[in-house]
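Below are the chains, spelled out letter by letter.
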Amino acid sequence: MVKGSQKIVAVDQGIPIIDMSQERSRMSMQIVKACETLGFFKVVNHGVDQTIISRMEQESINFFAKPVHEKKSVKSANQPFRYGFRDIGLNGDSGEVEYLLFHTNDPDFRSKLSFRSAVNCYIEAVRQLAHEILELTAEGLGVPPHTFSRLISSVDSDSILRVNHYPPSDQIFGGATLSDKSVSLTRVGFGEHTDPQILTVLRSNSIGGLQVSNPDGMWVPVSPDPSAFCVNVGDLLQVMTNGRFISVRHRALTSEKESRLSTAYFAGPPLQATIGPLQAMVTTINQPRLYKTFTWSEYKKLTYSLRLEDNRLHMFRTC
Ligand code: GA4
């Protein structure tokens, strides 16, 4: 069941929606503001072809409907990248979720997927969207346009695709009828955490469950909108902006009666990329340097040595 006393506020309270068909300078200002205040926003009129999205969704539904032994046969030589059921990460975290997790440029794993063509088209579309958002972000901050986007467009960028299926909670209970109607069947599908990469672009079906933590520490449920993408700041973007942007904590709860399906693209840099606060974001008096410089490989290693909800960023603080 859902633990903790953190309060839940109204759906979508304070969640910015950014219309990507509007004028560029307005968009870039809105993106920067959203990244500074919440670290999370929705984009609409994003230009990603609906056929690509629908194909990806239908193929994912078909995949998760397969018998368990078939799903389990989708493996990668690389341990965390595979089909997974309940287990999250390497240190004992779990949730009411089954998922597919893979590097976006791992041809070996993708070749094992029956729906690789839908996946390839989807990855290309969301990669372009993430690229565009990062260029707008740079423009809004007044730094060179490719500052962030170059990190994710390199051929060896370490980006990940995750397809999550959250079965309805009444299925988790095995269909048993609970006589006490006041018992909530809501369960944690994916526990609270921040994303370690630069930026995440997520889409879900029409079932809600995603919640983000606002600056007052309250959970804000995000209303599902299959025609929008949700975007959140990851740890590396918080570091590069010297703490100006917020790598937002978020979690996913299961719905009582319906399956939730979400697809997240985690835009990451090459393993050897050096990450640290941008010079333009540091001034000796007002914005002293908050983080040390590290490689993505070092940060990723640390990430996998910790638990899901752990705060990894403070280990790289300068003070
Ligand atoms: C959270 C964001 C992505 O889903 C992910 C997750 C990864 C995993 O599931 O293997 C992690 C988690 C995520 C952060 C802490 C570690 C690693 C599970 C976990 C306990 C793929 C990622 O990059 O980091």
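Within each chain, residues carry numbers counting from 1 in the order of the written sequence. Only residues with pLDDT of at least 70 get local features here, since the model is predicted, and only at 80 or more are side-chain atom pairs given and counted; chain-wide, interface and lining totals rely on the full set of residues.

A. Fine view of the overall build of the chain. Put simply, DSSP marks the helices as runs of H or I at least four residues long and the strands as runs of E at least two long, and each gets a number from the N terminus on. Helices and strands together make up the secondary structure of the chain, namely nine helices and 14 strands. Taken against the 2.2 N^0.38 rule, which gives 20 Å for 319 residues, the C-alpha radius of gyration of the chain at 19 Å falls within 12% of a compact globule. In terms of overall dimensions, the chain has a C-alpha envelope of 60 × 45 × 40 Å along the principal axes. Working definition of burial: number of other C-beta atoms within 10 Å of the residue's own, with buried at 20 or more, exposed at 12 or fewer, and partly exposed in between, all C-beta atoms being placed from the backbone. Looking at the 319 residues of the chain, the share that counts as buried comes to 38%. In the chain, the share of contacts with a sequence separation of at least 24, taken over all contacts with a separation of at least 6, comes to 74%. The globule rule used for comparison is 2.2 Å times the number of residues to the exponent 0.38, while the radius of gyration itself is calculated over C-alpha atoms. Working definition of a contact: two residues with C-beta atoms, positioned from the backbone, lying within 7 Å.

B. Representation of the site of the ligand within the structure. As a structural note, the neighbourhood of the ligand is formed by 16 residues, with P80, G89, D93, D195 and L308 the closest of them. When contributions to the shell around the ligand are tallied by element, the ones reaching two or more residues are β4 (93-103), β5 (160-166) and α9 (296-305). Three categories are distinguished: nonpolar for Ala, Val, Leu, Ile, Met, Phe, Trp, Tyr, Cys and Pro, charged for Asp, Glu, Lys and Arg, and polar for the others, with Gly belonging to the last. Residue classes in the shell around the ligand are distributed as eight nonpolar, four polar and four charged. The C-beta atom of each residue is placed using the backbone, and any residue whose C-beta lies within 6 Å of a molecule or strand is treated as near it.

C. Local environment of the sheet that holds strand β9 (residues 219-221). Here we have four strands laid out as an open sheet, ordered β6-β11-β8-β9, and antiparallel in their pairing. In this open sheet, the two edge strands, each paired with only one partner strand, are β6 (188-193) and β9. Pairs of neighbouring strands in the sheet enclose a mean axial angle of 25 degrees, with direction left out of account. Strand direction decides the pairing type here: strand β8 (residues 210-213) and β9, joined by three bridges, are antiparallel. Pairing between strands is defined by DSSP: at least two bridges between them are needed. For helices, the axis comes from a line fit to the C-alpha atoms of the stretch in contact; other axes are also lines fit to C-alpha atoms, and the angle between any two N-to-C directions lies between 0 and 180 degrees.

D. The packing of helix α2 (residues 50-64) against helix α5 (residues 116-141), seen in detail. Between α2 and α5, the least distance of the axes is 9 Å, while the angle of their chain directions is 135 degrees. It follows that α2 is oblique to α5 by the angle criterion. Seen from above, α2 lies across α5 with left-handed handedness. Counting all contacts with α2, which are made through I52, R55, M56 and E59, the residues of α5 involved are A118, V119, C121, Y122 and A125. Split by residue class, the contact of α2 with α5 holds seven nonpolar, no polar and two charged. With respect to orientation, any angle under 35 degrees is reported as roughly parallel, any angle over 145 as roughly antiparallel, any angle of 65 to 115 as roughly perpendicular, and every other angle as oblique. Crossings are sorted by hand: turned counterclockwise from the far helix by less than a right angle, the near helix makes the crossing left-handed, and turned clockwise it makes it right-handed.

E. Structural view of unusual backbone geometry. The phi dihedral of D12 falls on the positive side, at around 65 degrees, and the residue is not glycine. The residue D12 is located in the segment before β1 (17-19) in this model. The residue R86 is not glycine, and still its phi comes out positive at about 70 degrees.

F. Main features of the sheet that holds β1. With mixed pairing, eight strands are arranged side by side in an open sheet as β1-β2-β10-β7-β12-β5-β4-β3. Unpaired on one side and paired on the other, β1 and β3 (83-88) mark the two borders of the sheet. Direction aside, the axes of adjacent strands within the sheet are offset by 30 degrees on average. Where strand β7 (residues 199-204) meets strand β12 (residues 260-267), six bridges bridge the pair, whose relative direction is antiparallel. Its bridge partner lying in β12, T200 is registered against F266. On the sheet, helix α1 (residues 24-37) packs against β1, β2 (40-44) and β10 (229-233) and is oriented at approximately 165 degrees with respect to β1.

G. Representation of the nonpolar core. A set of buried Ala, Val, Leu, Ile, Met, Phe, Trp, Tyr and Cys residues, joined through C-beta atoms within 7 Å, is what we mean by a nonpolar core. Residues A130, L199, V201 and Y265 are the most contacted members of the largest nonpolar core, which totals 72 residues. Considering every element that reaches this core, the biggest residue donor is α5, with 12 residues. Among all residues touching Y265, those that are not within four sequence positions of it are I123, V126, R127, A130, S159, L161, T200 and V201.

H. Geometry of the environment of K112. By secondary structure assignment, the location of K112 is in the loop between α4 (107-111) and α5. In this structure, the C-alpha to C-alpha distance between K112 and K75, residues 37 residues apart in sequence, is 8.0 Å.

I. Molecular detail of the confidence of the model for the chain. Each residue carries a pLDDT score, the predictor's own confidence in it, on a scale running from 0 to 100. Within the chain, residue pLDDT values average 92, and 94% of them lie at 70 or more. Under a pLDDT of 50 for its full length, residues 176-183 has, in the predicted model, one contact with residues more than four places off or in other chains. Here the complex is predicted with pTM 0.95, and the ipTM for its interfaces comes to 0.99.

J. Region of the structure containing the pairing of strand β11 (residues 250-253). Taking every second residue as pointing to the same face, both faces of β11 are buried, with H250 and A252 on one and R251 and L253 on the other. Inspection of the sheet shows β6 paired to β11 by three bridges, in the antiparallel sense. Note on β11: the bridge partner recorded for V188 is L253. By the bridge criterion, three bridges tie β8 to β11 in an arrangement that is antiparallel. Note on β11: the bridge partner recorded for V212 is H250.

K. Structural detail: α2. Here the expected length of a helix is defined as 1.5 Å per residue gap, with one fewer gap than residues. Look at α2: 21 Å from first C-alpha to last across 15 residues, which is about the 21 Å you get at 1.5 Å a residue. The complete set of buried residues in α2 reads I53, M56 and S60. On an axial view of α2, the arc spanned by its buried residues comes to 65 degrees, and they lie on one face. Projecting away from the buried face of α2 at angles above 90 degrees are the exposed residues Q50, T51, S54, Q58 and N62. Next to the buried residues of α2 lie α5, β5, β7 and β12. An arc is given here, and it is the one of the directions from the helix axis to the C-beta atoms.

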